[in-house]
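Notes for the structure review
Single-letter residue listing:
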Amino acid sequence: MSRADKLVIALAVLLLPFLYLQFWGNHSRGEVVQIRVAGGEDMILPLDRDKTIKVAGALGTSVIEIRNRQVRFIDSPCHGKQCVLTGWLHEDGQLAACLPNGVTVQIVGRDNQFDAVNF
Amino acid sequence: MKLSIQTTRDDQRIAWLTALAITIHIAEGALPSPIPGVKPGLANIVTIVCLMHYGWRTAVWVAILRVLVGSILIGTFLSPTFALSLSGAVASVTVLGLASRLPLGLGPVGYSLLAAMAHMTAQFFTAYTLFIPHQGLFHLLPILMTVAVVFGLGSGIIANQIVKSTSINL
């Protein structure tokens, strides 16, 4: 093995901890909240501005709160309250949904057109 | 009318080496893998040996033909698997081309490691842009890169032994 080979190995091995720190250490924080209502317009709101939003869904009004770069359902006119029980969302890609009311809330980092493509 | 194609010594060598690479590629495809899509990439040993003995041009032919013919034989031609395979092969031969033109004095181990990492990076971003455009995919990147470094080193050490124990008869 030449010295150049050893240098490449050293650089490659040094790169690995950096990758682990970068992608596992600090969880990527989302930038915006995407609120979708079945049959309605999508709403995009910034995560860094605290706000309480009322969204009209199929059953009634869902109340969504943005605070401290987090977002949650406060109330929704459904029976199970799964959306409220989901609690705070703060990481990129996290999602809460109230299916009876047809409202979903997701934290998005970039423009995602779809989750995945399978063949 | 009888049609005959004139083949050069070079063509025949590329054909032989590609056949060897395809055999390894398909044999490896039959091995079970703990993580889907993670393969040792032993066929790349052939690419590295080609680069060391016959130069970059031969290595490119062997790497790209292996991906094409291998995918036709396995039945993944033009599928997502093929897109991933091809992007990886193109990236690794590009990096090998750059590295072999620079006066670095790299050996098989360095080349193999660089190629493996370029291969994985290209595949990752192909997968991210075309098939799974989700931020969550980035959580896999450190693991995939670790695997690439380990297998790249392994393949490089094997290629190093092969290069040392074979002589070139041009």
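What counts as what
- Residues numbered from 1 in each chain as written.
- Chains lettered and ligands numbered in written order.
- Predicted model: local features only at pLDDT ≥ 70, side-chain atom pairs only at ≥ 80, totals over all residues.
- Helix = DSSP H or I, 4+ residues; strand = E, 2+ residues; numbered from the N terminus.
- Buried ≥ 20, exposed ≤ 12 C-beta atoms within 10 Å, placed from the backbone.
- Contact = placed C-beta atoms within 7 Å.
- Core = buried A, V, L, I, M, F, W, Y, C linked by C-beta atoms within 7 Å.
- Expected span 1.5 Å × (residues − 1).
- Pairing = 2+ DSSP bridges.
- Axes fitted to C-alpha atoms, helices over the stretch in contact; angles between N-to-C directions.

Focus: the overall build of chain A
When you go through chain A residue by residue, the secondary structure sums to 2 helices and 7 strands. Starting at the N terminus and walking to the C terminus, you meet the elements of chain A as α-β-β-β-β-β-α-β-β. Put simply, chain A has 119 residues, and 21% of those count as buried. Of the contacts formed within chain A by residues at least 6 apart in sequence, a portion of 36% connects residues at least 24 apart.

Re the nonpolar core
By size, the foremost hydrophobic cluster in this structure holds 42 residues, and its most contacted members are Val46, Ile48, Ala59, Val62 and Met117 of chain B. Contributions of two or more residues to this core are made by helix H1 (3–25) of chain A together with helix H1 (9–29), helix H2 (43–54), helix H3 (56–74), helix H4 (80–101), helix H5 (108–131) and helix H6 (141–165) of chain B. Looking at this core element by element, the count peaks at 12 residues for H5 of chain B. Look past the residues within four positions of Ala59 of chain B in its chain and what remains in contact with it is Thr47, Cys50, Leu51, Val93 and Leu96 of chain B.

Some words on H4 of chain B
In a regular helix each residue adds 1.5 Å, so 22 residues correspond to 32 Å; H4 of chain B covers 32 Å between its end C-alpha atoms and thus fits that length. When we look at burial in H4 of chain B, the residues that qualify are Leu84, Ser85, Ser87, Gly88, Ala89, Ala91, Ser92, Val93 and Leu96 of chain B.

Some points on the sheet that holds strand E5 (residues 70–75) of chain A
Residue and element names in this part refer to chain A. Strand order in the open sheet formed by 3 strands is E3-E4-E5, and the pairing between neighbours is antiparallel. Each having just a single partner strand, strand E3 (51–56) and E5 make up the two edges of the open sheet. Mean inter-strand twist for the sheet, computed between neighbouring axes without regard to direction, equals 25 degrees. Judged from the 5 bridges that link them, strand E4 (residues 61–67) and E5 form a sheet pairing that is antiparallel. Within E5, the residue paired with Arg67 across the bridge is Gln70.

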